[in-house]
Amino acid sequence: MKKLLFAALALTLVAAMALPASAQFEDEAGPGALSPVPTNPTFINIAGVDDELFVGSGAFGGGAPNDAFTIDADTDTATAVFTGTPVWGATYNPDSGLVLFTTSGGVTDGADLFSFDPVAGGAPALVGTITLASGADLRIDGLAFSGGTLFGVHQFDDAAATAGLFSIDSGTLVATSVLTLPSGNISGIAADGGVIYGVDDTNTEVVIIDPGSGTSSFAAYPGGEFDIDGLAGGDGTLYLVTDEAGAIYTLDIATQTYGADLTGPFATATTFSAGAYIVAAPDIPSADPSEIPTLSTVGIVGLGLLLAFAAAFILRRRA
């Protein structure tokens, strides 16, 4: 009997100590109050704004103007974030919460990769230079994350490589060719729902880029447009960004139709433009105190009873 009682008390103690504080009978809600057992952790939204875009422009060779903005697509409100650093291709890294973009200037035109924090702001930071396995710098005109992989478009045939789609190692920034493309056709790219899209000025259309097979037509450019360099995509919408004053076009992916335009923030024409959709996810789980196992009131009582029983048992054996 004593052994059974001892075992029961021990099991009670272990169970009480293992329960999260939110699942115990009393907590900060007040004596006797039952705390709800949370079904989801607490989240912090790293972007802070739904349907927010990053757009930037860049003149070839680093000449001014080179402006960058964030745009609240819900209110069509643009906010200047930095100037002076040209933006060629851009994308948003959902793991880090940073915008990545290539830039012109110097001997590594289009190969230098920068990052920008759309929440904290500040100046862009140099990440490094995108290269081939041979060590040669690789100009990148468009960027997109898809399936956890960073992709880049090399738009023109040159001494470094033929035009095509490249996968880029996010750590080493070494690029590997995955698909050959016609020289001069595709510049800006974006991904949504696991599909990579591109803007094709030669054929004045948005295309789907399949890394394993090639490109296919998706939607014609809006009437009268023939030079669209930037593309952003997210939440079922593609945003077509020109490199001059004018509209940013919104293309519904499901219906393949254009909706209300956004106001382009660029004052004058430049050489390139880029866009990135700043997603509101993935959210980063924060520590939730209610999920941390604690020594509850039941646990403390059980521990006291266990110690008392053990002491009485030992004294009885010695008597």
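These numbers come from a predicted model, not from an experiment. Position numbers for residues count from 1 along each chain, tracking the sequence in the order it is written. Thresholds applied to this predicted model are a pLDDT of at least 70 for local features of residues and 80 or more for the giving and counting of side-chain atom pairs; totals over whole chains, interfaces and linings are not thresholded and use all residues. By convention in this description, side-chain values take in all heavy atoms of the structure and omit both hydrogens and water.

Caption draft 1: The arrangement of the overall build of the protein in detail. Think of it this way: any DSSP run of H or I at least four residues long counts as a helix, any run of E at least two long counts as a strand, and we number them from the N terminus. A tally of regular secondary structure across the protein gives two helices and 24 strands. Taking the intrachain contacts of the protein between residues at least 6 apart in sequence as the baseline, contacts between residues at least 24 apart amount to 50%. For every accessible area listed, the method is Shrake-Rupley and the probe measures 1.4 Å; residues are considered covered only by the protein chains on display. Just so you have it, the protein exposes about 15,000 Å², and 61% of that area is on carbon and sulfur atoms. Note on contacts: a residue pair qualifies if any of its non-hydrogen atoms lie within 4.5 Å across the two residues.

Caption draft 2: How the structure looks around the packing of aromatic side chains. Here a pair means two rings of Phe, Tyr or Trp (six-membered ring of Trp) with centres within 6.5 Å. Their orientation is stacked below 30 degrees between planes, edge-to-face above 60, and tilted elsewhere. Following the criterion strictly, the structure yields ten aromatic pairs and no others. On the numbers, 5.7 Å between centres and 20° between planes, the contact of F82 with F101 is stacked. Residue F82 is found in strand 4 (residues 77–83), and its partner F101 is found in strand 6 (residues 98–103); the two are separated by 19 residues along the sequence. The buried label goes to any residue with under 20% of its type's maximum accessible area, the exposed label to any with over 50%, and the partly exposed label to all in between, with areas taken from a 1.4 Å probe on protein chains only. Relative accessible area serves as the criterion here: at 10%, F82 is assigned to the buried category. Note on F101: relative accessible area 0%, which makes it buried. When the centroid spacing of 5.7 Å and the interplanar angle of 20° are considered together, the rings of F101 and F114 count as stacked. On the criterion of sequence distance, the pair formed by F101 in strand 6 and F114 in strand 7 (residues 112–116) is long-range, its members being 13 residues apart. The class of F114 is buried, set by a relative accessible area of 16%. Feature note: the residues F54, F82, F101, F114 and F116 constitute an aromatic cluster, connected by ring pairs.

Caption draft 3: Examining the environment of A175 more closely. Take A175: it is sitting in strand 13 (residues 174–180). By relative accessible area, which is 4% here, A175 ends up buried. Through-space distance from the C-alpha of A175 to that of L132 is 5.1 Å; in sequence the pair is 43 residues apart. Setting aside anything within four residues of it in sequence, one finds A175 in contact with I130, T131, L132, A133, L138, F166, S167 and I168.

Caption draft 4: Local environment of the sheet that holds strand 2 (residues 52–58). One open sheet accounts for four strands, arranged 4-3-2-23; its pairing is antiparallel. Taken across any chain shown, the strands that pair with only one partner, and hence form the sheet edges, are strand 4 and strand 23 (272–278). Across the sheet, the mean angle separating the axes of adjacent strands is 20° when strand polarity is ignored. The pairing criterion for strands is at least two bridges between them, as found by DSSP. Relative to strand 4, strand 3 (residues 67–72) is paired through six bridges, and the arrangement is antiparallel. Within the sheet, the bridge partner assigned to D72 lies in strand 4 and is T77. Orientation is described by lines fitted to C-alpha atoms, with helices fitted over the stretch in contact, and by angles between N-to-C directions that extend from 0 to 180 degrees.

Caption draft 5: Here's a closer look at the side chain of E205. Structurally, E205 is set in strand 16 (residues 205–210). Counted as positive: Lys and Arg. Counted as negative: Asp and Glu, with His and the chain ends omitted from the count. Salt bridge criterion: a side-chain nitrogen from Lys or Arg within 4 Å of a carboxyl oxygen from Asp or Glu. The buried charged residue E205 lacks any salt bridge, with R139 as its nearest oppositely charged partner at 20 Å. Not counting residues up to four positions away in its chain, the partners in contact with E205 are G198, V199, D200, S217, A219, A220 and Y221.

Caption draft 6: Highlighting the pattern of salt bridges. Summed over the entire model, instances satisfying the criterion amount to one salt bridge. Of the charged contacts in the structure, one is a salt bridge between R139 and D141, with a shortest N-O distance of 2.8 Å. The pair R139 / D141 is uniform in exposure class, with both members buried.

Caption draft 7: Quick look at the sheet that holds strand 13. Across the sheet, which stays open at both edges, the five strands sit in the order 9-13-12-11-10 with mixed pairing between neighbours. The sheet is open, and its two borders are formed by strand 9 (131–132) and strand 10 (142–146), each paired with just one other strand. Taken together, the five bridges between strand 11 (residues 149–154) and strand 12 (residues 164–168) define a ladder with antiparallel strand orientation. Along strand 12, the bridge assignment pairs L150 with I168.

Caption draft 8: Structural detail: the environment of S183. Following the sequence through the fold, S183 ends up in the loop between strand 13 and strand 14 (186–192). Judged by relative accessible area, S183 falls into the partly exposed class, the value being 36%. Taking the C-alpha atoms as reference points, S183 and D158, 25 residues apart in sequence, are found 9.3 Å from one another. Not counting residues up to four positions away in its chain, the partners in contact with S183 are Q155, F156, D157 and A163.

Treat this as a map of the structure, not an account of what it does.
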